[in-house]
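Observations on the model geometry
Here are the chains, one letter per residue:
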Amino acid sequence: MSIQSPPVDWFKAPRGAERVWIGLAFAWCMVMTIAMPYWHFYGKQNATGESYRVTPTEFMARTQQFIENHKVGERDGVAVVEPPPGGDAYLLGQMWRWTPILKLKQGQTYRVHISSFDLQHGFSLQPLNMNFQVLPGYDHVLTLTPTSSGEFSIICNEFCGIGHHMMTGLVLVSE
Ligand SMILES: [Cu+2]
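Reading the values: rules and limits
Residues numbered from 1 in each chain as written. Predicted model: local features only at pLDDT ≥ 70, side-chain atom pairs only at ≥ 80, totals over all residues. Heavy atoms only, no water. Helix = DSSP H or I, 4+ residues; strand = E, 2+ residues; numbered from the N terminus. Rg over C-alpha atoms; globule rule 2.2 N^0.38 Å. Buried < 20%, exposed > 50% of the residue type's maximum accessible area, 1.4 Å probe, protein only. Contact = heavy atoms within 4.5 Å. Areas by Shrake-Rupley, 256 points an atom, 1.4 Å probe, with all protein chains shown as cover. Pairing = 2+ DSSP bridges. Axes fitted to C-alpha atoms, helices over the stretch in contact; angles between N-to-C directions. Patch = residues over 30% accessible without salt bridge, like charges linked within 9 Å, V, L, I, M, F, W, Y side chains within 5 Å. Salt bridge = Lys/Arg side-chain N within 4 Å of Asp/Glu carboxyl O. Phe/Tyr/Trp six-rings, centres within 6.5 Å; stacked < 30°, edge-to-face > 60°.

Scanning the chain for helices and strands turns up two helices and twelve strands. The secondary structure elements of the chain, listed N-terminal to C-terminal, are α-β-α-β-β-β-β-β-β-β-β-β-β-β. At 23 Å, the chain has a C-alpha radius of gyration far larger than the 16 Å of a compact globule built from 175 residues. Over its C-alpha atoms, taken along the principal directions, the chain stretches across nearly 75 × 40 × 30 Å. Expressed as a percentage of its 175 residues, the buried residues of the chain come to 33%. A separation threshold of at least 6 residues defines the contact pool for the chain, and within that pool the share at least 24 residues apart is 59%. Total accessible area on the chain stands at roughly 11,300 Å², and carbon and sulfur atoms take up 60% of it.

Laid out in structure tokens, this is it:
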């Protein structure tokens, strides 16, 4: 016979070492479950989770307006833009570039609006390893206070086509 129903007492409760391993795994699950909300409130590099609906064209228009209002220079053909401290900054991801280059001041807080013009990109700030998903149709607002100065590269960490590996951007932080 190919299939038989299991004997009536087929289930044996775990005991001995198996019980210890299940206990350890369960305890670790609990730690991780608590760590998620804990780190959301007490971690220092977590996104605020603030986002708004926006059409890609509208977001691009806002970014261009932002560049026009606060442009301070250019680097390799990309606009360098310095938002007012405490103000809004815009960063647009599209195949395959990040626009503009943001120039920020250490210790100042900014509201950085990030969105995509075409498809899903990944905002990865190096070498800090801060990562956010960038989606068209959503204006993600990161409330950000640079704590160190220097040049920080942005790379795209969601594969987005043939030019994905060239999709880099820059954030400049001065003291
Ligand atoms: Cu990309």
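So, about the sheet that holds strand β9 (residues 130–134). The strand order across the open sheet formed by seven strands is β2-β3-β6-β12-β11-β8-β9, and the pairing between neighbours is mixed. The sheet terminates laterally at β2 (71–75) and β9, the two strands that pair on one side only. Direction aside, neighbouring strands of the sheet carry axes that sit 25° apart on average. Direction of pairing for strand β8 (residues 121–126) relative to β9: antiparallel, over a ladder of five bridges. Opposite Leu 125, over in β9, you have Met 130 as the bridge partner.

What follows covers a nonpolar patch on the surface. Among the surface-exposed residues, Ile 34, Tyr 38, Trp 39, Phe 41 and Tyr 42 lie close enough to one another that they form a single nonpolar patch of about 680 Å² accessible area. As for its placement among the helices and strands, Tyr 42 is situated in helix α1 (residues 17–42).

Counting buried residues in β8 gives five out of six residues, a clear majority hidden from the surface. Where β8 hands over to β9, the hairpin turn is made up of three residues, of which Asn 129 adopts a positive phi near 60°.

As defined by bridge partners, β8 adjoins strand β11 (residues 150–156) across four bridges and the pair is classed as antiparallel. Among the inter-strand pairings, Ser 124 is bridged to a residue of β11, identified as Ile 155. Looking at chain direction, β11 and strand β12 (residues 168–174) are connected through six bridges and run antiparallel. Bridging from a neighbouring strand, Glu 151 pairs with Leu 172 of β12.

On to the packing of aromatic side chains. Summed over the entire model, instances satisfying the criterion amount to six aromatic pairs. Between the aromatic rings of Trp 98 and Phe 123, the centroid separation amounts to 6.0 Å while the plane-to-plane angle is 90°, which identifies the pairing as edge-to-face. With Trp 98 in strand β5 (residues 97–99) and Phe 123 in strand β8, this residue pair connects regions lying 25 residues apart in the sequence. Neither residue differs from the other here; Trp 98 and Phe 123 are each classed as buried. Taken together, a centroid distance of 6.0 Å and an interplanar angle of 35° make the contact between Phe 123 and Phe 132 tilted. We classify Phe 123 as buried; its relative accessible area is 5%. Under the relative-accessibility criterion, Phe 132 is labelled buried at 14%.

Mapping Pro 83 onto the fold places it in the loop between β3 (78–81) and β4 (88–94). Residue Pro 83 is classed as buried on the basis of its relative accessible area, which comes to 2%. Ignoring sequence-local partners within four residues, the contact set of Pro 83 consists of Phe 66, His 70, Asp 88, Ala 89, Lys 103, Leu 104 and Tyr 110.

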